[in-house]
Amino acid sequence: MSELPSEYHRNLPYGERLSAAELVGHPFFPFEGDVQVVPLAEPVIPEPPRRGEPGGEPCGTCAAPDRLVIWRDDQWQLKSFDERGLPFVALLEPREHYRLDNLPPELTATLGVLIQRVAGAIGRLDAVGRTHFNRWGDGSEHFHLWFMARPLGMMQLRGAMIAAWDDLLPNVPSEKHAENAQLVAAALAEGGGEAV
Ligand SMILES: [Zn+2]
C-alpha cells in the first residue's frame, strides 16, 4: 500500500498482532485463554465491489426475489434464516434494489415503523429477551438490516458479539425455525402486508 488515505490509517501497525487484553475477560466476550489476534491487514483501496455493485457479483436478492422471504408488503420484505444458533435471525430489505444513500423518501419514512414492527414480532417468540438490529452492508449493495434475537436471560449475549454467538451456539432445529418463522410472519401481518 503506497498511499494511505488518512492520518488514522498511517498510525496503524500493519502486519502486527494487536493485544486481545481489552476483550478477554469482558462479560460479553465469548472466548477465554490465550487468544491471538490475526495480523492487521493493510487497507484495500479502492475497495473491492460488493454484490450488486458494478464489477461485483450479481445481487442475490434481485436474482432470487422470493428466496427465504417470510413476509412482505408493497415496499419491504423480511427474510429469515435456518441453521442459526440464535432463536431467530432475519433480514429486512426493500423489495426494490436501493442503497441506504439512495433509498427514496417513501421508504425512509416507513423504515422506522418497520424496525419497530419487526423487533416486536420477533420479541413475541418465547425464547427471545431482546431483538438487536444492525446495518453492516459490506457484503451486498442491496440495503438490508439484520435482526438478531437475543435469548431471554442470556446476558453473555448482550452487545455486538451476539453475531459470534450465533455461529457458536447449536443450531435451532429446522422444524422449530419454520414454526418461529410462521409466528413472526403472522405477527407482522397483523400490522399490514402478508405472511408468505
Ligand atoms: Zn438487489
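Conventions adopted
Residues numbered from 1 in each chain as written. Predicted model: local features only at pLDDT ≥ 70, side-chain atom pairs only at ≥ 80, totals over all residues. Heavy atoms only, no water. Helix = DSSP H or I, 4+ residues; strand = E, 2+ residues; numbered from the N terminus. Expected span 1.5 Å × (residues − 1). Contact = heavy atoms within 4.5 Å. Salt bridge = Lys/Arg side-chain N within 4 Å of Asp/Glu carboxyl O. Buried < 20%, exposed > 50% of the residue type's maximum accessible area, 1.4 Å probe, protein only. Bend = angle between axes of the 7 residues up to and from the residue. Domains from an automatic or database assignment. Buried area = accessible area lost by both parts, 1.4 Å probe. Donors = N, O, S within 2.8 Å, 3.2 Å for Na, K, Ca; no water. Tetrahedral: all angles 85-135°; square planar, octahedral: opposite > 155°, others 65-115°.

### Topic: helix H5 (residues 174-189)
The end-to-end C-alpha separation of H5 is 22 Å, in line with the 22 Å expected for 16 residues at 1.5 Å each. On its buried side, H5 packs onto strand E1 (69-72), strand E2 (76-80), helix H3 (105-123) and strand E6 (194-195).

### A word on the pattern of salt bridges
The full count for this structure, using the stated rule, is nine salt bridges. Arg72 is the salt-bridge partner of Asp66, the closest N and O atoms lying 2.8 Å from each other. Between Lys176 and Glu179 there is a salt bridge; the shortest N-O distance is 3.1 Å. You can see Lys176 and its partner Glu179 sitting in helix H5, three residues apart, about one turn around the helix. Classification of Lys176 by relative accessible area gives partly exposed; the value is 32%. Residue Glu179 is classed as partly exposed on the basis of its relative accessible area of 41%. Residues participating in the shared-partner salt-bridge network are Asp66, Arg72 and Glu194.

### Comments concerning H3
Because each turn of an α-helix spans 3.6 residues, side chains separated by three or four positions in sequence point in the same direction. Counted at 1.5 Å a residue, the expected span for H3 with its 19 residues is 27 Å, and the 28 Å between its end C-alpha atoms agrees. The principal kink in H3, of about 35°, is found at Leu111. Of the surrounding elements, those touching the buried residues of H3 are E1, E2, strand E3 (89-94), strand E4 (128-134), strand E5 (145-151) and H5.

### Some details on the domain arrangement of the protein
When cut into domains, the protein gives domain 1 (1-47) and domain 2 (63-195). Between domain 1 and domain 2, the residue contacts involve five residues of the former and eight residues of the latter. Of the roughly 530 Å² buried between domain 1 and domain 2 on both sides combined, carbon and sulfur atoms contribute 75%. The largest per-residue losses of area from domain 1 upon contact with domain 2 belong to Phe28, Pro30 and Phe31, which jointly make up 81% of the total buried on that side. Run the count over domain 1 and domain 2 and you get zero salt bridges.

### Some points on the coordination of the zinc ion
Distances from the zinc ion to its protein donors, Cys59 (SG), Cys62 (SG), His97 (ND1) and His142 (ND1), fall at 2.0 to 2.3 Å. For the zinc ion, the four donor atoms in the first shell make angles of 106 to 116° at the metal, so the coordination geometry reads as tetrahedral. In the primary structure, the donors to the zinc ion are separated according to the pattern C-x2-C-x34-H-x44-H. Placement of His97 in the loop between E3 and H3 and of His142 in the loop between E4 and E5 is noted, with a sequence separation of 45 residues between them. Looking at His142, the relative accessible area reads 1%, which means it is buried.

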